[in-house]
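Listed below, chain by chain, are the residues.
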Amino acid sequence: MTSTVDELQEVEKRLKSEKDRRMYERYQAIRLHLLGNTNNKIATILNRTDRTVGTYIRAYKKNGLEGLSMKFSSGKPTRLTVEQQEQLRQTIVARLPHECGFPAKFNWTLDIIRSYILREFGHEYSIRGVSKLMARMGMSYTKPTYTLAAADEEKQKEFVETTFPEVKKIR
């Protein structure tokens, strides 16, 4: 069995080379533990709960520093089922917002998608959550541009120089 001094030196060595913030915090918790601090004091220093600190220490005691490595976290389960996601995809691809009862005529915005999800499936998402959901579904969100790629330059020039100023005078 290695001595506390050897363990402390190994932890400090890892602390110096660790780039990941979360792993650094775990090593720091073990360092503070080896220095004789209580779980409560470590939790206060790291701004974590006693339970979290206890989890780190138990993992360390069971498997050493390797026990602290993070396992893959799948995260929270998705709120929409696969079928609901497919329905959402088909709606966005095949229909316009006004066909689904929204005032916007042509563009699906993240806010409209958010409202649609709440209305149809009863799940509330943040705008960021909708953006991430779209990415997971393989869909990208782009803001519409209002320039016409194949527009007639002469007609545009005429509009800017003649028609628009006339319309502006009327108002």
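Definitions and cut-offs
- Residues numbered from 1 in each chain as written.
- Predicted model: local features only at pLDDT ≥ 70, side-chain atom pairs only at ≥ 80, totals over all residues.
- Heavy atoms only, no water.
- Salt bridge = Lys/Arg side-chain N within 4 Å of Asp/Glu carboxyl O.
- Helix = DSSP H or I, 4+ residues; strand = E, 2+ residues; numbered from the N terminus.
- Buried < 20%, exposed > 50% of the residue type's maximum accessible area, 1.4 Å probe, protein only.
- Patch = residues over 30% accessible without salt bridge, like charges linked within 9 Å, V, L, I, M, F, W, Y side chains within 5 Å.
- Areas by Shrake-Rupley, 256 points an atom, 1.4 Å probe, with all protein chains shown as cover.
- Phe/Tyr/Trp six-rings, centres within 6.5 Å; stacked < 30°, edge-to-face > 60°.
- Lys NZ or Arg CZ within 6 Å of the ring centre and 35° of its normal.

Participant: Residues and numbers for the pattern of salt bridges, please.
Facilitator: Taken as a whole and judged by the stated rule, the model has seven salt bridges. The residue Arg-31 makes a salt bridge to Glu-12 at a minimum N-O spacing of 3.2 Å. Of the two residues, Arg-31 sits in helix α2 (residues 21–34) while Glu-12 sits in helix α1 (residues 4–17), which places them 19 residues apart along the sequence. By relative accessible area, Arg-31 is classed as partly exposed at 23%. Among the ionic pairs, Glu-86 bridges to Arg-89, the shortest N-O distance being 3.4 Å. With Glu-86 and Arg-89 both in helix α5 (residues 82–94), this residue pair falls three residues apart, about one helical turn. The exposure class assigned to Glu-86 is partly exposed, which follows from its relative accessible area of 36%. Using a relative accessible area of 26% as the deciding quantity, one classes Arg-89 as partly exposed. Members of the salt-bridge network, linked through shared partners, are Glu-10, Arg-14 and Glu-66.

Participant: Can you break down a nonpolar patch on the surface residue by residue, with the values?
Facilitator: A cluster of nonpolar side chains, namely Phe-159, Val-160 and Phe-164, defines an oily patch on the protein surface of about 300 Å² accessible area. By the secondary structure assignment, Val-160 is in helix α8 (residues 153–170).

Participant: Would you mind going over the packing of aromatic side chains in detail, with residue names and values included?
Facilitator: Summed over all chains, the structure comprises three aromatic pairs. With a centroid separation of 6.2 Å and an interplanar angle of 85 degrees, the aromatic rings of Tyr-116 and Phe-121 are classed as edge-to-face. Accessibility classification places Tyr-116 together with Phe-121 in one group, the buried group. Every member of this aromatic cluster is reached through a ring pair, and the members are Phe-102, Trp-108, Tyr-116 and Phe-121. Sitting over the ring of Tyr-125, Arg-79 keeps its end group 4.3 Å from the ring centre.

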